[in-house]
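Listed below are the residues making up each chain.
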Amino acid sequence: MATPGDEEPKKKRFFFDPFMDLLVRISKQITPEELSDIKILCSFIPDGDTNKMITAAQLFKKLYEMNKISETDTSLLEQLLCKVDRQDLVENYLKGNKGYQQNQQSTTSHIQDPQTSIQEIGRASCRERV
């Protein structure tokens, strides 16, 4: 028989955030030298904070918390990556992300029309990606 003190602790629930996942994937491609350069470019973040950051993911998270980057505004991140000659990351991750968002919005507008069939939605999504 369980006593009141024997209750199992509540498990933490984690929610998947596609944008944070994207930032982590980008951060894995950043070298320590590039991270150092990006930290210097982020002069608006106090030095004490950037000194504690040992991964690009930590830096990106800070930028996100400061509302400097978001799923709908990656312009600062794009600029930082370009300044450290990582246009490849912008092209491979961020430009594709914007295209995906536009695709989602377009598909959503089709869904709002109750006369639109699932096949029509699928065809429209494929045409827009080409």
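Above this note sits the structure.
Keep in mind that this is a model prediction, so the values were computed, not measured.

(A) Looking closely at the overall build of the chain. Along the chain, the regular secondary structure elements total seven helices and zero strands. Looking at the 130 residues of the chain, the share that counts as buried comes to 29%. Residue pairs at least 24 apart in sequence account for 50% of intrachain contacts in the chain once pairs closer than 6 positions are excluded. Total accessible area on the chain is roughly 9,600 Å²; 52% of this is exposed by carbon and sulfur atoms.

(B) Spatial organisation of the pattern of salt bridges. For the structure shown, the criterion picks out six salt bridges. Two residues, Asp-49 and Lys-62, come together in a salt bridge whose shortest N-O distance is 3.5 Å. Placement of the pair is Asp-49 in helix α3 (residues 47-52) and Lys-62 in helix α4 (residues 56-65), with a sequence separation of 13 residues. Residue classification places Lys-62 among the partly exposed residues on the basis of a relative accessible area of 23%. For the salt bridge of Arg-86 with Asp-88, the shortest nitrogen-to-oxygen distance reads 2.9 Å. Its relative accessible area of 12% is what places Arg-86 among the buried residues. Relative accessible area serves as the criterion here: at 34%, Asp-88 is assigned to the partly exposed category.

(C) Highlighting the nonpolar core. Ranked by size, the top nonpolar core spans 24 residues in total, and within it Ile-26, Ile-30, Ile-38, Phe-60, Leu-63, Leu-77 and Leu-81 carry the most contacts. Only α1 (18-27), α2 (32-41), α4, α5 (75-83) and α6 (87-111) provide two or more residues apiece to this core. Among all residues touching Leu-77, those that are not within four sequence positions of it are Leu-23, Ile-26, Phe-60, Ile-69 and Leu-94.

(D) Representation of the packing of aromatic side chains. This structure, assessed with the given rule, holds one aromatic pair. Ring geometry for Phe-19 and Tyr-64: centres 5.8 Å apart, planes at 40 degrees, overall tilted. Residue Phe-19 is located in helix α1, and its partner Tyr-64 is located in helix α4; the two are separated by 45 residues in the primary sequence. On the accessibility criterion, Tyr-64 (32% relative accessible area) is partly exposed.

(E) Fine view of the packing of α1 against α4. Running from N to C, α1 and α4 point in directions that differ by 145 degrees, and their axes come no closer than 8 Å. Along this stretch, α1 crosses α4, giving a crossing that reads as right-handed. Where α1 abuts α4, its residues Phe-19, Met-20, Leu-23, Ile-26 and Ser-27 lie against Ala-56, Ala-57, Phe-60, Lys-61 and Tyr-64. Looking at the contact of α1 with α4 residue by residue, the class counts come to eight nonpolar, one polar and one charged.

Definitions and cut-offs
- Residues numbered from 1 in each chain as written.
- Predicted model: local features only at pLDDT ≥ 70, side-chain atom pairs only at ≥ 80, totals over all residues.
- Heavy atoms only, no water.
- Helix = DSSP H or I, 4+ residues; strand = E, 2+ residues; numbered from the N terminus.
- Buried < 20%, exposed > 50% of the residue type's maximum accessible area, 1.4 Å probe, protein only.
- Contact = heavy atoms within 4.5 Å.
- Areas by Shrake-Rupley, 256 points an atom, 1.4 Å probe, with all protein chains shown as cover.
- Salt bridge = Lys/Arg side-chain N within 4 Å of Asp/Glu carboxyl O.
- Core = buried A, V, L, I, M, F, W, Y, C linked by side-chain atoms within 4.5 Å.
- Phe/Tyr/Trp six-rings, centres within 6.5 Å; stacked < 30°, edge-to-face > 60°.
- Axes fitted to C-alpha atoms, helices over the stretch in contact; angles between N-to-C directions.
- Left-handed = near helix turned anticlockwise from the far one by under 90°.
- Nonpolar A, V, L, I, M, F, W, Y, C, P; charged D, E, K, R; others polar.

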